[in-house]
Amino acid sequence: NWKEIFLSNWNASKCEHCWNFSMRRNNELTYPTVSVIEMPYLDMPDAVKELYNEAREIAWKSPRAAAALLRVALEKLTEELWETTWNLNTRIRNLQKQGLPEKVIKSLDILRITANEWGSHAGQIDLTWADNSDMVIKLFKLLNFIVKKTITENNEVDELFDRLPEDKKKGIKDRDNQS
């Protein structure tokens, strides 16, 4: 059971059971926004997560704007990975030299290039409206994949290593210090 208020072409509804509101304009849901885009990984750095969530909120309305925000999020993520040279392409090259897996590097490049093309080099990649919604969802998945491979998996291994008995960790350290 919903109680409804009509204002011109706006419609506000309040659920009598949970007391939550919804807003529609011209019969289009504007609040709350419903997203099929996955949530950011828990290990995503806060500055990156903030941009990810902002992009997630607008992706249904403007996939190109969401892609642009994801590119900025990618820049922030490379900074979190201790790569801060001025150019994102150079940062990716440097991360590759540091040994990031090939699939991560490809994901970084896909996100960088696709967001660049949508925002500043329109027409070089065929991104019709029909393609944008599907493609931007994939860009979100790529950013989560990059976080998983560069942060989450490392955190999981570190957590397991920390659980090892201290004498075993000392033995590993002694082994690694041998010439």
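For the structure itself, look to the data block above.
These numbers were taken from a predicted model, which means no experiment stands behind them. (Residues numbered from 1 in each chain as written. Predicted model: local features only at pLDDT ≥ 70, side-chain atom pairs only at ≥ 80, totals over all residues. Heavy atoms only, no water.)

## Concerning the environment of Leu70
Thinking step 1. Inspection of the secondary structure assignment puts Leu70 in helix H2 (residues 63-80).
Thinking step 2. Residues Leu70 and Leu139, spaced 69 residues apart in sequence, show a C-alpha to C-alpha distance of 7.6 Å.
Thinking step 3. The contact partners of Leu70, leaving out residues within four places of it in the chain, are Tyr52, Ala55, Leu111, Val136, Leu139, Phe140 and Leu143. (Helix = DSSP H or I, 4+ residues; strand = E, 2+ residues; numbered from the N terminus. Contact = heavy atoms within 4.5 Å.)

## Thoughts on the pattern of salt bridges
Thinking step 1. Here the structure, examined in full by the defined rule, presents nine salt bridges.
Thinking step 2. Here Glu75 ties to Arg71 by a salt bridge, and the two come within 2.1 Å at their closest N and O atoms. Remark: Arg71 and Glu75 occur in helix H2; sequence separation between them is four residues, near one turn of the helix.
Thinking step 3. The exposure class of Glu75 is partly exposed, given its relative accessible area of 27%.
Thinking step 4. Given the relative accessible area of 18%, Arg71 is considered buried.
Thinking step 5. A salt bridge links Lys170 to Asp174, with the shortest nitrogen-to-oxygen separation between them at 2.9 Å. (Salt bridge = Lys/Arg side-chain N within 4 Å of Asp/Glu carboxyl O. Buried < 20%, exposed > 50% of the residue type's maximum accessible area, 1.4 Å probe, protein only.)

## A word on the packing of aromatic side chains
Thinking step 1. Inspection of the entire model under this criterion finds one aromatic pair.
Thinking step 2. Ring centres of Tyr52 and Phe140 lie 5.0 Å apart, and the angle between their planes is 85°; on these two criteria the pair is classed as edge-to-face. Of this pair, Tyr52 sits in helix H1 (residues 46-58) while Phe140 sits in helix H5 (residues 129-162), placing them 88 residues apart in sequence. For the pair Tyr52 and Phe140, a shared accessibility class is recorded, and that class is buried. (Phe/Tyr/Trp six-rings, centres within 6.5 Å; stacked < 30°, edge-to-face > 60°.)

## A closer look at unusual backbone geometry
Thinking step 1. For Trp82, which is not a glycine, the phi torsion comes out positive at approximately 70°.
Thinking step 2. Along the chain, the position of Trp82 falls in the loop between H2 and helix H3 (88-97).
Thinking step 3. When its relative accessible area of 76% is taken as the criterion, Trp82 is described as exposed.

## Comments concerning the nonpolar core
Thinking step 1. Judged by nonpolar contacts, the single largest core of 32 residues is most densely connected at Leu70, Leu77, Leu108, Val136, Phe140 and Leu143.
Thinking step 2. Within the residue set of this core, elements represented by two or more residues are H1, H2, H3, helix H4 (102-119) and H5.
Thinking step 3. The greatest single-element share of this core, amounting to eight residues, is contributed by H5.
Thinking step 4. Leaving out residues up to four positions away in the same chain, Phe140 has contacts with Ile37, Glu38, Tyr52, Ala55, Arg56, Ala59, Ala66 and Leu70. (Core = buried A, V, L, I, M, F, W, Y, C linked by side-chain atoms within 4.5 Å.)

## Some thoughts on the environment of Asp109
Thinking step 1. Considering the arrangement of structural elements, one finds Asp109 in helix H4.
Thinking step 2. Judged by its relative accessible area of 21%, Asp109 falls in the partly exposed class.
Thinking step 3. Taking the C-alpha atoms as reference, Asp109 lies 7.6 Å from Ile92; in sequence the two are 17 residues apart.
Thinking step 4. For Asp109, the contacting residues outside a window of four places in its chain are Asn89 and Ile92.

## Structural notes on the packing of H2 against H3
Thinking step 1. Taken N-terminus to C-terminus, the directions of H2 and H3 make an angle of 45°; their axes are 11 Å apart at the nearest point. In terms of orientation, H2 lies oblique with respect to H3. Crossing handedness for the pair H2 and H3: left-handed. Contacts between H2 and H3 pair Arg71, Leu74, Glu75, Thr78 and Glu79 from the former with Leu88, Arg91 and Leu95 from the latter.
Thinking step 2. Among the residues forming the contact of H2 with H3, the class breakdown is three nonpolar, one polar and four charged. (Axes fitted to C-alpha atoms, helices over the stretch in contact; angles between N-to-C directions. Parallel < 35°, antiparallel > 145°, perpendicular 65-115°, else oblique. Left-handed = near helix turned anticlockwise from the far one by under 90°. Nonpolar A, V, L, I, M, F, W, Y, C, P; charged D, E, K, R; others polar.)

## Regarding the environment of Arg71
Thinking step 1. Placed 45 residues apart in sequence, Arg71 and Asn116 show a C-alpha to C-alpha distance of 7.7 Å.
Thinking step 2. Beyond its immediate sequence surroundings of up to four residues, Arg71 is in contact with Leu88, Arg112, Ala115 and Asn116.
Thinking step 3. Side-chain polar atoms of Arg71 contact the side chain of Asn116, separated by 2.4 Å. (Polar contact = N/O pair within 3.5 Å; in protein donor to acceptor, adjacent residues only side chain to side chain.)

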